[in-house]
Amino acid sequence: MNTKQKLLVLKLDVTDSMKEADSLWQAVGSMVKMNMVVCRQSADILAAVSSCQPDWIHIISRSDSENLFFTDGTKQSGSCKRIHLIKQLLESDQVLALLSLNSILDKRDAESIGQLKALLGMENGYNPLASRLFIPRFYSNICMGMALAPAAKIAISSMQPEVISHGGIPAMCFNKAIDPETFTFVKQRYIPQQPIPFMMQ
């Protein structure tokens, strides 16, 4: 990789009890320029994005069907609307191509994708264990040069079966301008692996 991609990790869940940030660092810390910022309100998110100008963002937060929550341990200190936040991020950053959040996605997300190449969430909503198992593997795959869809399929195939059986399937929205089967987010060679068939959401 000639120029490392910039990954911004935003911790809305300050305690990060699943140590998701650590797992991301172990997976791709040597392959990307990774910055991590603790955010206690929406303004912190926008300030971090403006400062870093990331290629992709990973948000660590709790969520429901509409909101992402700012939490400190067991205490919730605030929230922001998921769709509104996505639109704000796209308005504030013309580089951003990939956004991951541990939240359910619906057709409004697909309609709000803007210049993003892909938007990642969870099929049945907030699932910290599934996110922790899937995302580092998916990121590692795309950093090795795999196309988006095959990278996701291989990462899903290596998740623990019991997590998948409990609603741990990731959901993804792709930009209509790209073919996720061939679009590579990071240009780097990798050793091809045989993808396992999986119907993407």
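Bear in mind that the values here come from a model prediction, so they are computed numbers and not experimental data.

Attention now goes to the overall build of the chain. Across its full length, the chain holds seven helices and nine strands. Taken over C-alpha atoms, the radius of gyration comes to 16 Å for the chain, in line with the 17 Å a tight globule of 201 residues would show. With the C-alpha coordinates aligned to their principal axes, the bounding extent of the chain is approximately 45 × 40 × 35 Å. Residues classed as buried in the chain amount to 53% of the 201 residues present.

For the structure on display, the rule yields seven salt bridges. Of the charged contacts in the structure, one is a salt bridge between R82 and D109, with a shortest N-O distance of 2.9 Å. With R82 in helix 3 (residues 82–92) and D109 in helix 4 (residues 107–111), this pair connects stretches of sequence that are 27 residues apart. Within the structure, one salt-bridge network assembled from shared partners comprises E66, R82, D106, R108 and D109.

What follows is about the nonpolar core. Grouped together as the largest cluster of nonpolar side chains are 38 residues, with contacts concentrated most on L98, F134, F138 and Y139. Mapped by element, the contributors of at least two residues to this core are strand 1 (6–11), helix 1 (20–28), strand 3 (56–60), strand 8 (118–122), helix 5 (128–143), helix 6 (148–157) and strand 9 (170–174). Sorting elements by how many residues they give to this core places helix 5 first, with eight residues. In this view, F134 contacts L120, A152, A155, I156, M159 and P170; residues no more than four positions away in its chain are not counted.

At D16, a position not held by glycine, the phi torsion is positive, near 45°. Its place among the elements puts D16 in the loop between strand 1 and helix 1. Taking the relative accessible area as the measure of exposure, D16 reaches 7% and is therefore buried. For K19, which is not glycine, the phi dihedral falls at a positive 55°. Structurally, the position occupied by K19 is in the loop between strand 1 and helix 1. Classification of K19 as partly exposed rests on a relative accessible area of 48%.

Most of strand 1 is tucked away: five of the six residues are buried. Where strand 1 lies against strand 2 (residues 33–38), six bridges are found, and the strand directions are parallel. Bridged to K11 within strand 2 is V38. For the crossover from strand 1 across helix 1 to strand 2, the handedness is right-handed.

Moving on, we come to the side chain of D55. By secondary structure assignment, the location of D55 is in the loop between helix 2 (42–52) and strand 3. The buried charged residue D55 lacks any salt bridge, with K6 as its nearest oppositely charged partner at 5.6 Å. At 2.7 Å, the side chain of D55 and the backbone nitrogen of K6 are in polar contact. Apart from the residues lying within four places of it in its own chain, the contact partners of D55 are Q5, K6, V95, L96, A97, L98 and F185.

Thresholds applied
Residues numbered from 1 in each chain as written. Predicted model: local features only at pLDDT ≥ 70, side-chain atom pairs only at ≥ 80, totals over all residues. Heavy atoms only, no water. Helix = DSSP H or I, 4+ residues; strand = E, 2+ residues; numbered from the N terminus. Rg over C-alpha atoms; globule rule 2.2 N^0.38 Å. Buried < 20%, exposed > 50% of the residue type's maximum accessible area, 1.4 Å probe, protein only. Salt bridge = Lys/Arg side-chain N within 4 Å of Asp/Glu carboxyl O. Core = buried A, V, L, I, M, F, W, Y, C linked by side-chain atoms within 4.5 Å. Contact = heavy atoms within 4.5 Å. Pairing = 2+ DSSP bridges. Right-handed = clockwise from strand over helix to strand, strands pointing away. Lys, Arg positive; Asp, Glu negative; His and termini not counted. Polar contact = N/O pair within 3.5 Å; in protein donor to acceptor, adjacent residues only side chain to side chain.

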